[in-house]
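The residues making up each chain are set out below.
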Amino acid sequence: MTEKESVSDIGTADSVFSAYSSPAKSLGDPGITPLSPSHSLKDSDQNVPAQQSYVVVVAIDFGTTSSGYAYSFTKEPECIHIMRRWEGGDPGVSNQKTPTTILLTPDGKFHSFGYAARDFYHDLDPSDSKHWLYLEKFKMNLHTTSTLSTETELLAANGKKVKALDIFAYALQFFKEQALKELSDQVGSEFHSSDVRWVITVPAIWKQPAKQFMRQAAYKSGLVTSDNPEQLIIALEPEAASIYCRKLRLHQMIDLSSKTVFNGCSPTETIGTGMTQAKEVVRRNRQSRTFLVENVVGELWSELAEGDRYVVVDCGGGTVDLTVHQIRLPEGHLKELYKSSGGPYGSIGVDYEFEKLLCKIFGVDFIDQFKIKRPAAWVDLMIAFESRKRAAAPERTSPLNINLPFSFIDYYKKFRGHSVEHALRKSNVDFVKWSSQGMLRMNPDAMNALFKSTIDHIIQHISDLFEKPEVSDIKFLFLVGGFAESPLLQHAIQTMLGGRCRIIVPHDMGLTILKGAVLFGLDPSVIKVRRSPLTYGVGVLNRYMEGKHPPEKMLLKDGTRWCTDVFDKFISADQSVALGETVKRSYTPAKPSQLVIVINIYCSEVDDVSFITDPGVKKCGTLRLDLTGTEPSSAPVRREIQTRLQFGDTEIKAMALDIATSRCVKASIDFLNY
């Protein structure tokens, strides 16, 4: 680090109300001295770049188990077009999107994505497949990796490691090329990425590093450039679902709690019957791939009054996200009432339970070896399970048969020296039998048991949410996401709520987020108020006050007593923050020649924070101010860099201005590489 650049945990401030701050020193030698902070205020900043106009909005729903894109031309915002289908598909599984699977060549180059990747990998000879790099369900690593960085690695099916940033960039590049090709074919001339406003969906419970990681992957893929970051919007999945649900008409949904006939499904019919009819409607809609939405709000909204509240439960492959919104009429703007909550309780939890069952029957050592030695056959087995998993229902009485690949049966005999049938007899797992047709036969209770842990977690989260004072008088609960199709999950939520609110399931629950993300790209200002998930701030020096500050925090400099490590709070956890609202702080370089100011940012899950050394407070990123090119012609006595931070968007943003020259200062926040 040069003398023109320094990193600071701490600056100084006489108090939050002081006009100027005194020079100070702290941990290390800080290169900045903060000036007076101000309260949050909402204003139009002249430094905000003018909004660029785009021809089309393309949203990419990057899911744990399946992914896809949709788009809408800005001149026809009421028409949402779902991506055209490629070849491929699974028996017994209806899916408009494509599996989130990617295949790299043995030398690490991109080969294919989705069904094409899976089918090619499946057809490889086992002796060849072990050299290829096949990855699936890798998105969750961004949530579960505590030390996420641009160097984070993923594990391919053959046990080899690959850089996560490369994998995500390859996937986004694939969708970029597919979308641009479809758009070019539709308009009859070549479409360029610069014509598109891109939207990428992420779970609302993701922290800032994971969101930044997706943005970095987008830059690397060529989707957008870092010089034009506004061209890419990060959309939160339950928010996108909420935006689309505002547009719902009565024939586009099932009301699980209705006591009248809805969509031809009476309350005496089972959930499964209603869902079957819904899927038929969706199947017919998919022939055109174009969906029409209401200009303002749908028929369901006619039942809502100003201030009414509803919950969106987004049940995907990897995560379950819960968000609470309040409606503002007549425009239909939304206000978040409670910070997003949830956890890693998506449908892949059921897959893990199935894998644990196989380990119990056949042994952990065998399953681990089989996955490495016969990875394509393992994929086949999980595809067969996925089809049967979707057939699980509360009232089901007939058994579910899961095909075992021949290579599983053959490899097990070589590995153990006896048959699969023998293993089942010896396992004491009474609810799984062997069928002479080469299938595992599970009784319905056994299949339902695989869902129990995952559904219990979801129910617990919903129950906890409904206990919050902010979540009272809920009118609707919208159940969306691919896992929302599960009759078992629907039944469990109905039972838990006991009629406290109406449960609405859109017909195309698996595409709800995708469509909502397009609508969000068309109007990012629709969510007017959000809640901060964490408390954020920086460390500063304040005037030492006897009796208030701990003696061990006292620092004496030039005859003045200072308190070190004071947490200067930007925003509190669960604090409401409006779109466009800014938190203002001013900083001054330690030396006139200093060109870069780097300030450490700290966060906490609790609101009551006094010092950056408090339990639960951790460094989570850096604020970087690049002063290059903004040097005044004659150096002022004290140079002030006014910094504004925005917390009301889906990502935390920073802007800065050199007060002396009125020039913009390049400001950036880094949550990944700090």
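Look up: the structure comes first, before these words.
Residues numbered from 1 in each chain as written. Predicted model: local features only at pLDDT ≥ 70, side-chain atom pairs only at ≥ 80, totals over all residues. Heavy atoms only, no water.

Trainee: Please clarify how the overall build of the chain should be interpreted in this entry.
Mentor: The helix and strand inventory of the chain stands at 15 helices and 36 strands. On the chain, roughly 28,300 Å² of surface is accessible, and the fraction owed to carbon and sulfur atoms is 50%. (Helix = DSSP H or I, 4+ residues; strand = E, 2+ residues; numbered from the N terminus. Areas by Shrake-Rupley, 256 points an atom, 1.4 Å probe, with all protein chains shown as cover.)

Trainee: Please clarify how helix α4 (residues 164–187) should be interpreted in this entry.
Mentor: Every α-helix winds through 3.6 residues per turn, so residues three or four apart in the chain are directed the same way. With 24 residues, α4 extends 35 Å from end C-alpha to end C-alpha; this agrees with the ideal 34 Å at 1.5 Å per step. Looking one or two residues beyond α4, the residue adopting positive phi is G188, at roughly 85°. (Expected span 1.5 Å × (residues − 1).)

Trainee: Sorry if this is basic, but what is going on with the sheet that holds strand β10 (residues 110–113) here?
Mentor: Spatial strand order, β10-β9-β11: three strands in an open sheet with antiparallel pairing. The two strands at the open ends of the sheet, each matched to only one other strand, are β10 and β11 (133–136). Strand-to-strand twist across the sheet, computed as the mean angle between neighbouring axes with direction ignored, equals 15°. Bridge count between strand β9 (residues 101–104) and β11: four bridges; the pairing is antiparallel. In the sheet register, I102 faces β11, and the bridge partner there is L135. (Pairing = 2+ DSSP bridges. Axes fitted to C-alpha atoms, helices over the stretch in contact; angles between N-to-C directions.)

Trainee: Hey, could you run me through the packing of aromatic side chains in this one?
Mentor: Aromatic ring pairs are defined here through the distance separating the ring centres and the angle between the ring planes. Across all of its chains, the model carries 31 aromatic pairs by this definition. Pairing F110 with Y170 gives two aromatic rings, centres 5.8 Å apart and planes at 35°, and the pair type is tilted. Of the two residues, F110 is situated in strand β10 and Y170 in helix α4; the sequence distance between them amounts to 60 residues. Assessed through its relative accessible area of 30%, F110 is described here as partly exposed. Grouping aromatic residues by their ring pairs yields a cluster made of F362, F366, F370, F408, Y411, Y412 and F415. Looking at K139, its charged tip hangs above the ring of W206, at a distance of 5.5 Å from the centre. The lysine or arginine in question, R543, covers the ring of W562, its NZ or CZ lying 5.3 Å from the ring centre. (Phe/Tyr/Trp six-rings, centres within 6.5 Å; stacked < 30°, edge-to-face > 60°. Buried < 20%, exposed > 50% of the residue type's maximum accessible area, 1.4 Å probe, protein only. Lys NZ or Arg CZ within 6 Å of the ring centre and 35° of its normal.)

Trainee: Can you walk me through the pairing of strand β6 (residues 66–73) in this structure?
Mentor: Note on strand geometry: in a regular strand, side chains alternate between the two faces of the sheet. Burial of β6 is extensive: eight of the eight residues sit out of reach of the surface. Relative to β6, strand β5 (residues 56–62) is paired through seven bridges, and the arrangement is antiparallel. Bridged to V58 within β6 is Y71. Between β5 and the antiparallel strand that follows it, β6, lie three residues. Two elements, β6 and strand β8 (residues 98–99), share two bridges in a ladder whose sense is antiparallel. Bridging across to β8, S67 finds its partner in T98. Summarising the sheet, β6 and strand β7 (residues 79–82) pair through two bridges and their orientation is antiparallel. Residue pairing across strands places A70 opposite I82, the latter belonging to β7.

Trainee: Would you mind going over the pairing of strand β21 (residues 400–403) with me for this structure?
Mentor: Burial of the side chains of β21 is restricted to one face: L400 and I402 are buried, whereas none of N401 and N403 on the reverse face is. Looking at chain direction, β21 and strand β23 (residues 439–442) are connected through four bridges and run antiparallel. Each residue of the ladder has a partner; that of I402, found in β23, is L440.

Trainee: For this particular structure, what's the right way to read the pattern of salt bridges?
Mentor: Once the charged atoms of two side chains with opposite charge are near each other, the side chains can pair. Taken as a whole, this structure holds 28 salt bridges when the rule is applied. In this structure, E355 engages K371 in a salt bridge whose closest nitrogen and oxygen atoms are separated by 2.7 Å. With E355 in helix α8 (residues 348–362) and K371 in helix α9 (residues 364–373), the pair connects residues that are 16 residues apart, well separated along the chain. Judged by relative accessible area, E355 falls into the buried class, the value being 19%. You can call K371 partly exposed: its relative accessible area is 24%. K414 is paired through a salt bridge with D410; the nearest N and O atoms lie 3.2 Å apart. Remark: D410 and K414 occur in helix α11 (residues 406–416); sequence separation between them is four residues, near one turn of the helix. Owing to a relative accessible area of 64%, K414 belongs among the exposed residues under this scheme. (Salt bridge = Lys/Arg side-chain N within 4 Å of Asp/Glu carboxyl O.)

Trainee: I keep staring at the sheet that holds β21 and nothing clicks. Help me out?
Mentor: To summarise the sheet geometry, strands pair through backbone hydrogen bonds and adopt either a parallel or an antiparallel arrangement. With antiparallel pairing, the three strands of this open sheet are ordered in space as β21-β23-β22. Strands at the two margins of the open sheet, each flanked by one partner only, are β21 and β22 (432–435). Across the sheet, the axes of successive neighbouring strands diverge by a mean angle of 30°, strand direction being ignored.

Trainee: Please explain the side chain of R197 as it appears in this structure.
Mentor: Mapped onto the elements of the fold, R197 is located in strand β14 (residues 196–202). This buried residue, R197, is left without a salt bridge; E230 holds the nearest opposite charge, at 4.9 Å. Within the structure, the side chain of R197 is placed 2.8 Å from the backbone oxygen of E230, a separation counted as a polar contact. (Lys, Arg positive; Asp, Glu negative; His and termini not counted. Polar contact = N/O pair within 3.5 Å; in protein donor to acceptor, adjacent residues only side chain to side chain.)

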